[in-house]
Amino acid sequence: MSADYQVHGDVAVISLNNPPVNGLGLTTRVGITDGLAKANADAAVKAIIITGTGKAFSGGADIKEFGSPKAMQEPNLLSVILAIENSSKPVVAAMHSVVMGGGLELALGCHYRIAAPGCSVALPEVKLGLLPGAGGTQRLPRVLGVEVALNMIVSGEPIKSEMLAMLPGQKLFDRMAASAESLAGEALAYARSVAAARPLPLVRNLPCKHPLGDAYFQFTRNMVGAMAKNFPAPLKCIAAVEAATRMKFDEGMLAERDLFINLMWTPESRALRHLFMAERATSKIADVPADTAQRSIGSLAVIGAGTMGGGIAMNFLNAGIPVKMLEMKQEALDRGIATIRKNYESQVNRGKLKQDKYEQRMALLSTTLDYADLKDADMVIEAVFEEMGVKETVFKKLDAVMKPGAILASNTSTLDMNRIASFTARPQDVIGTHFFSPANVMRLLEVVRAEKTGKDVLATVMALGKKIKKTTVVSGVCDGFIGNRMIEQYSRQAGFLLNEGCTPAQVDKAVEKFGFAMGPFRMGDLAGNDIGWAIRKRRAVERANLKYSKTADLLCELGRFGQKTNAGWYDYVPGKRDAIPSELVLKMIAAHRESLGITPRKVPDDEIVQRLVFALVNEGAHILEDGIAAKASDIDMVYITGYGFPVFRGGPMHYADQFGLFNVLQAMNRFAANPLDDAEFWKPAPLITRLAAEGKSFS
Ligand code: NAD
């Protein structure tokens, strides 16, 4: 049973006990109803307290039950709340720390509520594309007023109990305890003080109205509708709260249930729930148990103060970890530090960072030109030029000076991590940390596990990634790791689309309408088309038999590298980022088409999207087969956090699962038959063929 039962004199205390946050799983729910029954049957008990042991009152639904029938198994949360309401003895919720989702709904079913200051109070269901489904939309407006409640339900954001307690007329808390420590004692005294009160007050009996009625709801629908765009849940939250103001309580509850069940089945909610689990799953590595001993990282060194080095350093300064930066020349250090300062100052100017915090962070940063100064650092991250020779020099020096047990990491995006590790006499300490640019902003961190990387090193770097608030995904060693290896196929396919008749703007628009933050050509212009060009030239020999459109090379031969040259796939006005279709580029593409004897055709938008997305999916499947990614959900996290894949579609692999792998396969076969595409390109990964034949999915 995940709830404890104790009697203190004439008060029974039911303590939810389901670590880490007292999730309301089946055994916890049974614990509550059993406790209620016992207390009601015991003549010596006059009042009942429900509270939470450990770090929370309750964080809501138990994520282990997510999407399983167990979540609705009786007693489900609605029945538990009904049992509380029907208790003949008063039930007091004694809340501390975390009061969220179903936890708050449970408290709202109690007759009385006492809270400690410092509680985070929220109904965060909207973040999973849902709405509170156990009366939250009907009861919260009755205790906080329609506007405050609706804001909380639509945003899902937590508010501190002491702030809510200050709202005039609020009925959420009958009492505030002086502190979390005194809550238990104060709750007992309060329960005794209400033991004889009859009738017992119920939130359901409170009135629920907004003075402006229709006009208010129309206004919020307009506001929220414009912001929610691809997400249906926020508008449904409004509908549910509106129902609370228009209907009798029990009818409102039915309306809430209907809306909730409808949302459960939306692709958007499935995508959000998938990503919620996927994010948690990133840190689970099959052969590295959760209790693997970690190394302690109290200080860090960064080699190279360029674009990436500076951003990487900021992540650690933000987390309070001292950083020492090393460069070859003082000027390079000065430039790097100036950029870090500029970034922080812009945050200060925008009110995002307090001046004293900025100074504290800068005080953690030091610089050196001498490798000997790095000898005490617990970890070093190298971010120097992308050349194997330079990496070799740096890693040999690091091997010579770093203390035993220090972790040696490289930010390389294309080079072989096994080779980099082999430059040292301690390959077990070497690992890849592939940050994305700008490294202080982008959430994704690919952690590259080389052949000999120690398990403790991997566990340490995964935990460190969490500490600096990154989504940290493990990748094996291969060309491009997970993200860039897939994007190469996507870019190749985008090139075929140009050959066939599309314009860059048409491709970008189709993909952006699908939900991508940016289409492939605008992305190329932003990142710099010369980067891919250099890689293609370097790999010309290996790529000799690979079919790809020559348009990207022709573009670079014109010096059109993108935004930095004010000309790429599009034209740019200096200082602005608007992509203006370029006549010259259109002519260049048309001339290339003509040289190949292609008569252009109008490619429909959905074909554009499918060809680009399934190009990602097929390579993703190869990556799974090769063991580069351990699970499909890791690939989804890479694409959501690093490549602007639309969140409401859940990532490429989840999208393919929803589309149906059989259907994906059919589409790929269709594309393979197109003589202007590439049959070799569309050869399905054996994993897709097998799963489709078995009626299975990646997940
Ligand atoms: P950069 O040219 O902006 O910076 C590299 C810095 O390293 C320069 O300041 C240079 O002076 C310094 N440096 C070179 N050799 C050195 C040495 N021997 N000792 C000390 N300092 C040295 O390059 P960047 O864009 O920051 O890239 C750095 C690394 O990060 C590369 O491996 C790159 O592939 C990788 N990376 C870059 C990006 C990106 O978008 N720029 C993204 C992911 C990974």
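Being a predicted model, the structure only gives us computed values, none of them experimental.

Considerations on the overall build of the protein chain
Per the secondary structure count, the protein chain includes 28 helices and 19 strands. Radius of gyration (C-alpha) of the protein chain: 29 Å, near the 27 Å computed for a compact globule of 699 residues. In terms of overall dimensions, the protein chain has C-alpha extents of about 90 × 65 × 50 Å along its principal axes. Counting every position in the protein chain, which comprises 699 residues, the buried fraction comes to 55%. Counting only contacts in the protein chain whose residues sit at least 6 apart along the sequence, the fraction spanning at least 24 positions is 73%.

Re the pairing of strand β6 (residues 112–115)
On β6, burial covers both faces: Tyr-112 and Ile-114 on one face and Arg-113 and Ala-115 on the other are all buried. Strand direction decides the pairing type here: strand β4 (residues 91–95) and β6, joined by four bridges, are parallel. Paired with Val-92 across the strands is Tyr-112, a residue of β6. Bridge count between β6 and strand β9 (residues 175–176): two bridges; the pairing is parallel. Following the sheet pairing, Ala-115 is matched in β9 by Met-176.

With respect to the site of the ligand
Every one of the 22 residues lining the ligand counts as a neighbour, but Met-308, Glu-327, Glu-386, Lys-391 and Ser-413 are closest to it. Within the contact set of the ligand, an oxygen atom lies 2.9 Å away from a side-chain nitrogen or oxygen of Thr-307. Separating an oxygen atom of the ligand from a side-chain N or O atom of Glu-386 is a distance of 2.5 Å. In isolation the ligand has 830 Å² of accessible area, and contact with the protein removes 79% of it. Looking at the shell around the ligand, the elements with two or more residues in it are α12 (307–318), α15 (388–401) and β15 (430–435). In terms of residue count, α15 provides more of the shell around the ligand than any other element does, three residues in total.

Some thoughts on unusual backbone geometry
Omega for the peptide link from Arg-198 to Pro-199 comes to -5°, which places this bond in the cis form. Tracing the backbone through its elements, the reader meets Pro-199 in the loop between α7 (183–193) and α8 (214–228). Cis geometry is adopted by the peptide bond preceding Pro-438, which originates at Ser-437 and carries an omega value of -5°. For Pro-438, the position within the fold is in the loop between β15 and β16 (444–448). Not every positive phi belongs to a glycine, and Lys-229 is a case in point at roughly 40°. Tracing the sequence through the fold places Lys-229 in the loop between α8 and α9 (233–246).

Thresholds applied
Per-chain numbering applies: the sequence of each chain, read as written, is numbered from 1 onward. In keeping with the model being predicted, local features are shown solely for residues with a pLDDT of at least 70 and side-chain atom pairs are shown and tallied solely at 80 or more, while totals for entire chains, interfaces and linings include all residues. As a convention, hydrogens and water are excluded, and side-chain values are obtained from all of the structure's heavy atoms. Runs of H or I in DSSP of at least four residues are treated as helices and runs of E of at least two as strands, each being numbered from the N terminus. Every radius of gyration here is taken over C-alpha atoms, with the globule rule written as 2.2 Å times N^0.38, N being the number of residues. Under the scheme applied here, a residue whose accessible area is under 20% of the maximum for its type counts as buried, over 50% as exposed, and between as partly exposed, the area being computed with a 1.4 Å probe on protein chains only. Any pair of residues with heavy atoms lying within 4.5 Å of one another is described as a contacting pair. Two strands make a pair as long as DSSP finds a minimum of two bridges between them. Here a residue counts as near a molecule or strand whenever at least one of its heavy atoms sits within 4 Å of it. The definition of a polar contact used here is a pair of N or O atoms within 3.5 Å, where within protein one atom must be able to donate a hydrogen and the other to accept one, and adjacent residues in sequence count solely through side-chain atom pairs. Only the protein chains shown count as cover for residues, and all accessible areas are computed by the Shrake-Rupley method using a 1.4 Å probe.

Note that all results are geometric; they support no functional claim without further evidence.
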